[in-house]
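Structural description and commentary
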Amino acid sequence: MRRFEDHGALITGAGQGIGEAIARRLAAEGARVLITDVDGERAARAAELIEGAVPYVCDVGDRASVDAAVAYAVERFGSLDVLVNNAYSCTPDVPLFEDEPDEHWARDLDLTLTGAFRCARAAMPHLAASGRGAIVSIGSVNGEQDFGNHAYSAAKAGLASLTRTLAGHAAPRGVRVNLVAPGTIHTDGWKGREANLERAAPHYPVGRVGRPDDVASAVAFLASSDAGWITGVTLPVDGGILSANVALRQALAGPPVSGER
Ligand SMILES: NC(=O)c1ccc[n+]([C@@H]2O[C@H](COP(=O)([O-])OP(=O)(O)OC[C@H]3O[C@@H](n4cnc5c(N)ncnc54)[C@H](O)[C@@H]3O)[C@@H](O)[C@H]2O)c1
């Protein structure tokens, strides 16, 4: 499939992990991709491996940096047709909630939620001009259910709301806006915590944690004309974890303990 022939795409935080996999997938289907990341070396390394990809340093926490990245994509590719909001911040919770500092909350909200807003604001006129514009943001199952990380989860829930309001605003301008909500995905973000992934796997109904390509496929679908009548939705890419509770089902199905009714 070459669904993104002659498309210009911009992906944030694409120097590694899920963002890099999305860049590889869109490029494989014909897109010219601006691999943006706050870490320039990562962006350059990822772009070297992907045909048609161009690296660019962009911090989603900074409006001027975002505006410049969008302008560069339009200048370089001639149009901007796809925006993928993938960059984020997830600060681990401190042990006691009342000790949470404002800085953690502010950082996670700013990079995860406000960053996507900044990118969408800068990209919107160009996506509207494209006639086939699409925004796909990367949310999380954390935006839908409690899996820890207060600020990150609130930011991801906020992204679901922004997706809906922006979809309504942008539909008359020919732009679709959707959200993918991944469960646990094995990326470099989990380096040093591989044991946690092994512990997590049996909780997933499909019996494994996700791979970056699982998310990239869903993003490519939502960004493409195959999803031309889909806007404002949150698509879980989560091995079934939001719809099934494996541990509870097993507990309820177990044999009765003697003396129990
Ligand atoms: N990996 C998972 O288990 C998982 C689960 C659910 C959702 N997600 C979501 O998927 C997305 C990607 O996750 P990942 O695991 O691939 O991440 P990662 O940590 O492997 O990579 C994130 C990239 O974002 C870049 N980045 C950080 N701050 C930035 C900023 N201010 N501006 C621009 N770039 C910045 C980093 O340099 C890095 O290259 C995120 O939105 C994350 O919330 C991940």
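Residues numbered from 1 in each chain as written. Predicted model: local features only at pLDDT ≥ 70, side-chain atom pairs only at ≥ 80, totals over all residues.

As a structural note, the neighbourhood of the ligand is formed by 27 residues, with Gly13, Gly17, Ile18, Ala87 and Gly189 the closest of them. With three residues, the top contributor of residues to the shell around the ligand is helix α1 (residues 17-28). Grouping the amino acids of the shell around the ligand by side-chain chemistry returns ten nonpolar, twelve polar and five charged. (Near = placed C-beta within 6 Å. Helix = DSSP H or I, 4+ residues; strand = E, 2+ residues; numbered from the N terminus. Nonpolar A, V, L, I, M, F, W, Y, C, P; charged D, E, K, R; others polar.)

Time to look at the sheet that holds strand β5 (residues 134-138). Judged by pairing direction, the sheet is parallel, and its seven strands sit side by side in the order β3-β2-β1-β4-β5-β6-β7 without closing on themselves. The open sheet has two edge strands with one neighbour each: β3 (53-57) and β7 (234-237). On average, adjacent strands in this sheet sit at an angle of 20 degrees to one another, irrespective of strand direction. Inspection of the sheet shows strand β1 (residues 8-11) paired to strand β4 (residues 82-85) by three bridges, in the parallel sense. Directly across from Ala9, in β4, lies its bridge partner Val82. Across the sheet, helix α2 (residues 40-48) is in contact with β2 (32-37) and β3; its angle to β3 comes to roughly 180 degrees. (Pairing = 2+ DSSP bridges. Axes fitted to C-alpha atoms, helices over the stretch in contact; angles between N-to-C directions. Contact = placed C-beta atoms within 7 Å.)

Time to look at α2. If you check which residues of α2 are buried, you get Arg42, Ala43, Ala46 and Ala47. Angularly, the buried residues of α2 cover 125 degrees about the axis, an arc narrow enough to put them on a single face. In α2, the exposed positions that point more than 90 degrees away from the buried face belong to Glu41 and Glu48. Against the buried residues of α2 lie α1, β2 and β3. (Buried ≥ 20, exposed ≤ 12 C-beta atoms within 10 Å, placed from the backbone. Arc of directions from axis to C-beta.)

As a further point, take the pairing of β1. Both faces of β1 are covered, namely the face carrying Gly8 and Leu10 and the face carrying Ala9 and Ile11. Of the strand pairs in this sheet, β1 and β2 are connected by four bridges, and their pairing is parallel. Pairing of Ala9 across the sheet is with Val33, part of β2. On the question of chirality, the crossover connecting β1 to the parallel β2 by way of α1 is right-handed. (Right-handed = clockwise from strand over helix to strand, strands pointing away.)

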